[in-house]
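Each chain is listed here by its residues.
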Amino acid sequence: MDQSLLPNIYDFISHTYPFTRLNTLEQDALAAQVKISYYTPEETLQDESLTGIGLFMIRTGAVEQINKDGTLRARLGVGDSFGFTQLNKKGSSDYTVRFLENTLLYIISKQVLEFIIAKNQHVSEYFDSKDWVRLSSVNHLANNKSAAANSHFSRPVSDFYLNDCALVSPKSTIRQTAQEIGLKHAECAFIVDNNKLIGVVTKSDITLRAVAAGVDPCEEVSAIMSKNPVTINLTDPLYHSLELMIEHNIKVLPVIDRGQIVGIITASQLLQNSQLQAVFLLKAIKQQTKVSELKKLSAQKQEIFKTLVENDVSPQIIQLVMSKIADAFNKKLIDIYLNEHEKAPCNFAWIAAGSLARSEVQLLSDQDNALILERDCTDTELKYFKDMADFVCHGLDECGYALCDGNYMASNPKWCLSYSNWCKNYEKWILNPDHDDLLNVLVFMDLRFIYGDEFLLNKLKSHMLKLTGDNSRFLAIITNLTLAVNPPLGLFKQFVLTKDGQNKPYLNIKKQAVNLIVELARIYALSSGSLITETPDRLKAAAESQKISKDDERELSEALYFLNSLRFKHQINALNNNEELSNNLVPDTLSQFERNHLKDAFRIIAKQQEAAKFRFCGGI
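Each residue is numbered by its place in its chain's sequence as written, counting from 1. Residues qualify for local features only when their pLDDT is at least 70, as the model is predicted, and side-chain atom pairs are given and counted only at 80 or more; totals for whole chains, interfaces and linings, by contrast, use all residues. In computing side-chain values, all of the structure's heavy atoms are included and hydrogens and water are not.

**Observations concerning the confidence of the model for the protein**
In plain terms, the rule: The pLDDT score gives, residue by residue, the confidence of the prediction method on a 0 to 100 scale. Counting from the N terminus, the helices are DSSP H or I runs at least four residues long and the strands are E runs at least two residues long. We call two residues in contact when some of their heavy atoms are within 4.5 Å.
With 90% of its residues at a pLDDT of 70 or more, the protein shows a mean pLDDT of 86. Least confident of the elements in the protein is helix H5 (residues 130-138), whose mean pLDDT is 30; most confident is strand S17 (residues 369-373), at 98. Of the regions scoring below 50 in pLDDT, residues 129-151 engages in 31 contacts with residues more than four places distant in sequence or in other chains.

**Comments concerning the pairing of strand S8 (residues 103-109)**
Consecutive side chains along a regular strand alternate between the two faces of the sheet. Note the threshold: For the exposure calls, accessible area comes from a 1.4 Å probe over protein chains only, and a residue counts as buried if that area is under 20% of its type's maximum, exposed if over 50%, partly exposed in between. Strands were regarded as paired on the criterion that DSSP finds at least two bridges between them.
Counting buried positions along S8 yields 6 of 7 residues, so the element is predominantly enclosed. In this sheet, S8 lies alongside strand S1 (residues 35-39) in antiparallel orientation, the contact comprising 5 bridges. If you follow Tyr 38 over to S8, its bridge partner there is Leu 104. Sheet topology note: the strand S3 (residues 54-60)/S8 ladder contains 6 bridges and is antiparallel.

**Side note on helix H7 (residues 174-184)**
For the record, the criterion: Note that the arc is defined by the directions from the helix axis to the C-beta atoms.
For H7, the complete set of buried residues consists of Ile 174, Thr 177, Glu 180 and Ile 181. Looking straight down H7, one finds its buried side chains confined to an arc of 120°; they lie on one side. Relative to its buried face, H7 has exposed residues pointing more than 90 degrees away, namely Gln 179 and Leu 183. Those residues of H7 that are buried are in contact with strand S9 (166-168), strand S10 (188-193), strand S11 (196-202) and helix H8 (203-211). At the C-terminal side of H7, His 185 shows a positive phi close to 55°.

**With respect to the packing of aromatic side chains**
Cut-off, in case you're wondering: Side-chain rings of Phe, Tyr and Trp (the six-membered ring for Trp) are treated as a pair once their centres are within 6.5 Å; stacked means planes under 30 degrees apart, edge-to-face means over 60, and tilted covers the remaining angles. Criterion for a charge above a ring: Lys NZ or Arg CZ within 6 Å of the ring centre, and within 35 degrees of the ring normal.
Counted according to the given criterion, the structure contains 22 aromatic pairs. Ring plane angle 25° and centroid distance 6.0 Å describe the contact between Trp 415 and Trp 422, whose orientation is recorded as stacked. According to the relative accessible area criterion, Trp 415 is buried, its value standing at 3%. Using a relative accessible area of 1% as the deciding quantity, one classes Trp 422 as buried. The structure contains a cluster of three or more aromatic residues connected by ring pairs, namely Tyr 337, Phe 348, Tyr 384, Phe 385, Phe 391 and Tyr 451. Directly above the ring of Phe 455 sits Arg 59, whose terminal nitrogen or CZ lies 4.2 Å from the centroid. When the ring centre of Tyr 419 is taken as origin, the NZ or CZ atom of Lys 459, which lies over that ring, is 4.3 Å away.

**Description of the nonpolar core**
Going by this rule: Nonpolar cores are built from buried Ala, Val, Leu, Ile, Met, Phe, Trp, Tyr and Cys residues. Side-chain atoms within 4.5 Å join them into one set.
Grouped together as the largest cluster of nonpolar side chains are 133 residues, with contacts concentrated most on Ile 325, Phe 385, Phe 444 and Leu 563. No other element matches the 12 residues that helix H14 (residues 315-340) contributes to this core. With 22 residues, the next largest nonpolar core counts Leu 22, Tyr 106, Leu 113 and Ile 116 among its residues.

**Concerning the packing of helix H22 (residues 535-544) against helix H23 (residues 550-576)**
Definition in use: The angle between two axes is taken between their N-to-C directions and runs from 0 to 180 degrees, where each axis is a line fitted to C-alpha atoms and a helix contributes only its stretch in contact. Convention used here: angles under 35 degrees read as roughly parallel, angles over 145 as roughly antiparallel, angles from 65 to 115 as roughly perpendicular, and any remaining angle as oblique. Residues are grouped as follows: nonpolar covers Ala, Val, Leu, Ile, Met, Phe, Trp, Tyr, Cys and Pro; charged covers Asp, Glu, Lys and Arg; every other residue, Gly included, is treated as polar.
Following both chains from N to C, one finds H22 and H23 inclined at 170°, their axes separated by 8 Å at the closest point. It follows that H22 is roughly antiparallel to H23 by the angle criterion. Note on element contacts: H23 touches H22 through Lys 550, Glu 553, Leu 556, Ser 557 and Leu 560, opposite Thr 535, Pro 536, Leu 539, Lys 540, Ala 543 and Glu 544. Residue composition of the contact of H22 with H23, grouped by class: 5 nonpolar, 2 polar and 4 charged.

**Notes on the side chain of Thr 479**
Stated precisely, the cut-off is as follows: As used in this structure description, the phrase polar contact means that two N or O atoms lie within 3.5 Å; if the pair is within protein, one of them must be able to donate a hydrogen and the other to accept it, and residues adjacent in sequence are counted only when both atoms belong to side chains.
Mapping Thr 479 onto the fold places it in helix H20 (residues 472-482). The class for Thr 479 is buried, based on a relative accessible area of 0%. Polar side-chain contacts of Thr 479 include one of 2.6 Å to the backbone oxygen of Leu 475. Apart from the residues lying within four places of it in its own chain, the contact partners of Thr 479 are Ile 523, Ala 612, Lys 613, Phe 616 and Cys 617.

**Brief notes about the sheet that holds strand S5 (residues 72-76)**
Taken together, the 4 strands give an open sheet; going across it, the order is S2-S7-S4-S5, and neighbouring strands pair in antiparallel fashion. This sheet does not close on itself; its edge strands, each paired only once, are strand S2 (44-45) and S5. Taken together, the 4 bridges between strand S4 (residues 63-67) and S5 define a ladder with antiparallel strand orientation. Within S5, the position partnered with Gln 65 by the bridge is Ala 74.

**Examining the pattern of salt bridges**
A side chain of one charge can pair with a side chain of the opposite charge when the charged atoms of the two come close. Threshold: Salt bridge, as used here, is a side-chain nitrogen of Lys or Arg placed within 4 Å of a carboxyl oxygen of Asp or Glu.
Under the criterion given, the structure shown has 22 salt bridges. Among the salt bridges present, the one from Asp 257 reaches Arg 258, with a minimum N-O distance of 3.4 Å. Its salt-bridge partner being Asp 600, residue Arg 603 comes within 2.2 Å of it at the nearest N-O pair. Of the two residues, Arg 603 and Asp 600 are both situated in helix H24 (residues 592-617); the distance of 3 residues between them amounts to about one turn of the helix. Several salt bridges converge on common partners, so that one network encompasses Arg 358, Glu 360, Asp 446, Arg 522 and Arg 538.

**Describing the layout of surface pockets**
Stated formally: Using only the protein atoms, space was sampled on a 1 Å grid; points where a 1.4 Å probe fits but cannot get out form cavities, open sets with protein on both sides within 12 Å along at least five of seven lines form pockets, and lining residues are those with an atom within 4 Å of a point. Grid points are joined across faces, edges and corners, and a volume is the space filled by probe spheres set on the points.
Taken as a whole, the second largest pocket holds about 1500 Å³ of empty space. Taken together, 45 residues line the second largest pocket, and the ones lying closest to its centre are Asp 366, Asp 368, Lys 510, Lys 511 and Asn 515. Broken down by secondary-structure element, the contributors of at least two residues to the lining of the second largest pocket are helix H13 (300-310), H14, helix H15 (354-357), helix H18 (435-443), H20 and helix H21 (510-527). The class makeup of the residues in the lining of the second largest pocket is 20 nonpolar, 13 polar and 12 charged.

**Observations regarding the environment of Leu 585**
Summarising the element assignment, Leu 585 is placed in strand S22 (residues 584-585). Considered as a pair, Leu 585 and Arg 567 are 18 residues apart in the sequence and their alpha carbons are 8.1 Å apart. In this view, Leu 585 contacts Tyr 506, Leu 507, Ile 509, Leu 566 and His 570; residues no more than four positions away in its chain are not counted.

**Description of the sheet that holds strand S14 (residues 252-257)**
The sheet built from 3 strands is open, its strands ordered S13-S14-S15 with mixed pairing. Across the chains shown, the open sheet's two edge strands, defined by having one partner strand only, are strand S13 (232-233) and strand S15 (260-266). Bridge count for S13 against S14 is 2 bridges, and the pairing is parallel. Pairing of Ile 232 across the sheet is with Val 255, part of S14.

**As for the environment of Ile 246**
As for its placement among the helices and strands, Ile 246 is situated in helix H9 (residues 238-248). Between the C-alpha atom of Ile 246 and that of Ala 328, which follows or precedes it by 82 residues, the distance is 9.7 Å. Beyond its immediate stretch of four places on either side in the chain, Ile 246 contacts Ala 278, Val 279, Leu 282 and Lys 324.

**Looking at helix H1 (residues 6-14)**
Of the positions making up H1, those classed as buried are Leu 6, Ile 9, Phe 12, Ile 13 and Ser 14. In this fold, the buried residues of H1 make contact with helix H2 (24-33), S1, S3, S8 and helix H19 (454-468).

**Some thoughts on the state of the cysteines**
The test is simple: Two cysteine sulfur atoms form a disulfide, by the criterion used here, when they sit within 2.5 Å.
One pass over the full model with this rule turns up 0 disulfides. Cysteine Cys 404 shares no disulfide, and the gap to the nearest cysteine sulfur, in Cys 393, comes to 9.7 Å. The buried category is assigned to Cys 404, whose relative accessible area is 11%.

Spelled out as structure tokens, the structure:
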């Protein structure tokens with residue numbers, strides 16, 4: 001290996017969990033043993049090239065794992081790894097790895113990995129518990145059936161799919177494929193070989209890749225097809241189709257049952273049930289080139305939110321959809337700026353904080369964001385990033401994401417920093433905090449990558465976890481700070497009310513209830529060294545790691561579900577009555593059922609706050 005690459009490998013290893021738990025000498029020795037491989041899109045790893053090899057870590061790029069029956073196992077990106085479950089296998093592998101883009105892998109051999117596992121307890125425990133960590137972040141929605149029982153989205157795809165779709169063989173001609181699409185009145189045709197789905201061709205593919213390119217219509221359709229289309233399983237919940245359509249900007253999903261295509265789910269079909277306007281909005285956002293055009297589209301957010309709430313979609317899915325839309329506005333605004341200016345002076349990561357980082361966006365969400373720069377920059381280079389941040393933040397404001405009152409935005413030079421300066425911030429905030437430091441750290445404990453170089457955020461999170469791990473003093477301080485606000489339930493189970501500017505009594509359901517659960521979940525995530533940001537995932541992971549009981553997790557999850565349902569319905573009522581949106585509830589306007597359950601939610605929060613106080617603050 002080229003020795004000049006060692007510093008980069010060491011940097012990656014030393015900021016990638018669980019190897020962060022190795023000492024410096026061990027990390028140095030491990031970096032020297034790493035092998036490097038480069039793969040292009042559509043290349044694959046399977047069987048002997050995957051079994052018994054070692055641990056594959058993704059430095060740049062993205063891959064997907066495909067099960068033997070053709071279903072999707074997982075999609076992985078920068079900082080993720082695979083191959084551990086195949087370590088002791090020979091011959092046939094459990095899955096195939098397909099590269100989605102140019103990808104650089106760092107590979108730790110089986111022998112080296114086994115040596116480290118035997119020598120380091122933290123590494124050993126990590127790989128023993130890897131499955132539940134992964135599954136808790138992937139399956140939490142599916143497992144929360146009690147929360148989404150009445151949601152249209154919770155029903156299986158089998159209740160909705162259409163089984164009449166255009167299917168052709170790879171040897172069918174382009175003309176025959178076009179005829180089949182016309183015959184089925186379809187938007188696309190799926191290419192099937194030996195009962196296995198291998199590709200898709202849309203109407204636009206035929207127009208652009210065949211007709212416009214002068215391709216002979218008698219050529220085989222495999223010449224213009226898109227390989228390995230995204231699929232959904234027959235038994236998957238319907239909300240998964242929303243996630244896939246949003247993520248991949250597609251309008252048709254082939255439905256798979258036991259490895260074979262049995263039908264399709266289309267966006268237009270679901271739109272008739274008022275479910276997937278978001279897919280079309282995201283596509284429109286992607287096509288725009290001016291802020292003024294994005295501003296016009298932003299009005300659709302309200303209608304989408306309203307439709308989802310009125311169709312009893314679960315609050316978590318509503319927030320996920322609204323967060324995907326906010327992501328799209330962020331990314332497009334950055335794209336517009338970069339397309340109109342010179343290349344950025346160095347790599348950067350645009351990151352979300354606050355509610356967007358937790359995928360908890362709703363109509364009243366403002367913006368919290370920051371920039372991580374690869375290195376220290378000159379004044380001229382910093383001006384480039386300051387101008388970009390000003391453009392994006394004010395563009396978001398025009399699109400309905402208000403400027404943050406606390407100025408936690410990348411346009412504030414305090415939050416447009418080099419990686420090394422971000423590290424210094426966290427060291428000050430966590431190891432020797434004052435009051436302002438604690439406010440800052442609460443905002444920037446929840447971070448999610450949006451645009452740029454994701455590795456910058458990954459290693460910053462790794463550095464943060466090093467500082468918080470086993471730091472009981474910091475956990476006690478944060479716990480005491482977050483417990484300063486209690487749910488508004490006083491003696492005799494009466495609500496403790498606040499007065500607004502017009503002297504009207506109200507409850508702020510966000511500050512006095514929802515946020516309290518969010519903060520409890522954050523504390524438990526910190527205590528377990530978890531990088532998860534979504535609140536329900538954090539609660540589930542806390543139960544899995546026995547930081548809280550399964551009953552505690554269920555209580556808090558159901559309280560969060562109820563509070564957000566009530567909050568969103570209150571906001572829809574305000575919209576319908578042309579009233580100002582807020583998080584303030586007037587108890588007299590609630591039904592007795594809602595009042596009783598609101599008290600139940602408050603009692604749950606109060607009980608869990610006391611438990612956290614005892615656990616992390618010694619009961620003080």
